[in-house]
Every structure is written in structure tokens, then in C-alpha cells.
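# A look at the structure
Chain by chain, the residues:
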Amino acid sequence: MADLDKQSKLDKFINTTPKSRAKRYQPASIPDLSSPSSQQVEKQVKLKDLETSHSHDDNHIPLAEHILAKSIENETVFKISEVVCATLNKPSIHQYNNSYDSRKNHGSSEAQNKSRIEEQEQYSRRTSLRFHNVPVPTDDNGAVITPIDTDDLVLRICNKKLKVKLNIIDIGRSHPIGEMKDGKISIIVRFLSYRQRNMVFRNKKQLKNNPDKIFIAENLTKHRYDLINRLNTLRTKDKIHSFWTHDGTILIKKTDVSSPKKIKSRQDIYKLGGEVLEGDSQDED
């Protein structure tokens with residue numbers, strides 16, 4: 001009887017106890033067959049890399065072949081041109097390019113040399129001046145007294161008109177230049193020092209409005225006289241206000257209030273509105 005009561009209580013306990021729905025714990029040693037293994041993943045990665053490398057190689061090979069073919073083509077054309085030029089006794093492309101570069105460098109070097117020589121020539125004239133419209137002495141019959149003593153004429157102008165005291169020992173040499181016109185000549189004078197020359201040139205304003213229209217100018221090179229003549233044309237056309245020289249340097253002012261600007265070449269004249277004259281070369285200056 002007691003055993004039946006125990007069995008009855010046990011059955012009742014089992015029937016009345018709720019069942020657990022929690023997932024049963026699985027040991028770590030049991031593999032999860034639902035996901036791929038690490039070996040499988042690694043194998044798939046290697047296969048993908050291999051496919052990618054093959055695709056790159058497939059694209060790279062045609063590109064290399066194209067570059068090689070293009071190089072061979074260019075070399076073939078170059079060699080054919082060499083043979084043709086040699087047959088026709090003409091310069092090849094390579095020789096022409098070298099010749100062009102050589103001419104270009106030579107032209108630039110030649111222009112620099114010409115400019116340097118012109119600068120040196122102007123520097124050698126820094127102690128000399130030109131006296132223009134100087135009346136020549138004549139006798140009672142109006143005949144010119146020869147030989148013309150240009151040293152005496154220059155000293156008279158300096159001492160009497162410029163109020164600069166000079167002696168014959170201050171003059172190295174003087175002589176007429178150009179032809180006589182209306183009883184007047186131009187004289188070029190080389191002073192013994194730049195200081196004496198500069199003293200005379202600074203006082204040239206004393207000659208303003210003189211009846212003989214004597215004036216003093218710097219002794220410039222042919223190139224700079226050409227620039228002066230072109231500037232004179234621009235001034236008559238009111239394209240510039242004024243121009244002058246100082247120690248061989250040509251300066252201009254476009255307007256009365258503008259700053260002085262140096263003029264060194266024809267290109268500077270063209271920029272001011274100067275015309276390209278017949279015989280002008282665009283490569284000059």
C-alpha cells in the first residue's frame with residue numbers, strides 16, 4: 001500500500017512539472033556541420049585569388065604586346081627615314097632636330113654677343129660728347145678759315161656760354177663729324193676724364209634759346225641713334241611725352257606725370273606704338 005502511494009505521488013509530480021523549452025547544451029567537441037569549415041573557406045579564397053591573377057595576366061599580355069609592337073614600328077619608321085634621307089642626301093629627322101637646336105642656341109648666343117659688344121662700345125664713349133650747330137669761323141669775304149680749330153670752338157662754348165672753366169689740357173681730342181650745313185658743323189669731343197665731360201653735359205641747359213641753336217648730346221652708338229630717331233617720330237605723333245639720355249641710357253616718359261622708362265631695343269619702341277620699318281628684323285634686339 002505504501003509503495004502504491006509513492007508511485008502515485010511520483011506520477012503526479014512528473015505530470016504537474018512544466019517541461020523546459022531551453023536548447024540543450026551541445027559540447028564544443030561536436031562540430032557544427034551547418035557552416036563551412038576553415039579549410040573550405042581558405043580553399044575558396046585561394047581559388048578566387050587564382051582566378052583574379054589569371055584575369056590580370058590575360059589583360060597584361062595584350063598590353064605588353066601592343067607596347068612592343070609600337071616600339072618596333074617607331075624604330076622601323078625611324079630607320080627607313082634615315083635610309084631615305086641618306087639616299088637623297090638630306091638631313092635626317094635626328095640631324096634636323098639637332099641642327100634646329102644648334103641654330104636656336106647659336107642665334108640666342110649671337111644676339112647676346114651683339115648686345116654685349118654694343119654695351120662695351122657705348123661704354124667706350126662715356127667721356128665724349130657731340131656739339132651740334134657750331135658756327136665755323138669765316139674771313140671778311142665769308143670763306144671758311146681752314147683748318148678749323150675745333151678745340152678752340154669747344155672751349156669758347158664751354159667757357160663763355162656754359163660758364164664752365166676748361167683749358168686745352170682738358171680735351172683729349174676733337175674733330176668735325178658730318179658735312180657742313182649753312183656754315184655750321186658738328187664736333188665730337190673726347191675729354192680727358194668723365195668728371196670734366198659730366199660737368200659740361202650738366203650745364204647744357206645754359207644753351208637754351210641761344211640764337212645759333214647750339215646743343216650738346218651724348219655720343220651714342222649707331223643702334224641707340226636709331227632708337228632716338230624712332231622716339232622722335234613717336235613724340236611728334238604725341239605717343240610719348242619726352243625722351244632723353246643719361247650716360248648712354250635712353251629714357252622716356254609717356255605722359256608728363258608718368259615715371260621714366262628705359263628703352264633698350266626696337267621691341268620697346270614697338271610696344272610704344274612704333275612702326276616696323278622696312279628692313280627691320282623681328283629677330284633683332
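Bear in mind the structure is a predicted one, so any value in this text is a computation, not a measurement.

In the numbering adopted here, UniProt assigns the feature "domain: FP protein C-terminal" (unreviewed entry) to residues 244-272. When the span residues 244-272 is considered, its composition is 21% helix and 38% strand, and the gap between its end C-alpha atoms is 16 Å.

Let us now look at the pairing of strand 2 (residues 171-181). Consecutive residues of a regular strand have side chains that alternate between opposite faces of the sheet. Looking at chain direction, strand 2 and strand 3 (residues 184-191) are connected through 7 bridges and run antiparallel. Opposite His 175, over in strand 3, you have Ile 188 as the bridge partner. Two successive antiparallel strands, strand 2 and strand 3, enclose a turn made up of 2 residues, where Asp 182 displays a positive phi of approximately 55°.

Another point: the nonpolar core. Counting 22 residues, the largest nonpolar core has Phe 131, Ile 187, Val 200 and Ile 216 as its most contacted members. At 5 residues, helix 4 (residues 150-161) tops the list of elements feeding residues into this core. Every residue in contact with Ile 216, bar those within four places of it in the chain, is listed here: Leu 129, Arg 130, Phe 131, Leu 162, Val 200, Phe 201, Lys 204 and Leu 207. Counting 12 residues, the second largest nonpolar core, distinct from the first, contains Ile 228, Ile 240, Ile 252 and Ile 269.

On to the packing of aromatic side chains. Counting across every chain of the model gives 0 aromatic pairs. Directly above the aromatic system of Tyr 194 lies the positively charged group of Arg 126, at a separation of 4.3 Å from the ring centroid. Over the aromatic face of Phe 201 sits the side chain of Arg 197, whose NZ or CZ is 5.1 Å from the ring centroid.

This part takes up the environment of Asp 280. Position of Asp 280 among the secondary structure elements: in the segment after helix 7 (266-271). Distance from Asp 280 to Arg 266, taken between C-alpha atoms, is 8.9 Å for residues 14 residues apart in sequence. Each residue touching Asp 280, except ones within four places of it in the same chain, is listed here: Arg 230, Arg 266, Tyr 270 and Glu 275.

Basis of the calculations
Residues numbered from 1 in each chain as written. Predicted model: local features only at pLDDT ≥ 70, side-chain atom pairs only at ≥ 80, totals over all residues. Heavy atoms only, no water. UniProt positions renumbered as here; feature names shortened; annotations may be inferred. Helix = DSSP H or I, 4+ residues; strand = E, 2+ residues; numbered from the N terminus. Pairing = 2+ DSSP bridges. Core = buried A, V, L, I, M, F, W, Y, C linked by side-chain atoms within 4.5 Å. Buried < 20%, exposed > 50% of the residue type's maximum accessible area, 1.4 Å probe, protein only. Contact = heavy atoms within 4.5 Å. Phe/Tyr/Trp six-rings, centres within 6.5 Å; stacked < 30°, edge-to-face > 60°. Lys NZ or Arg CZ within 6 Å of the ring centre and 35° of its normal.

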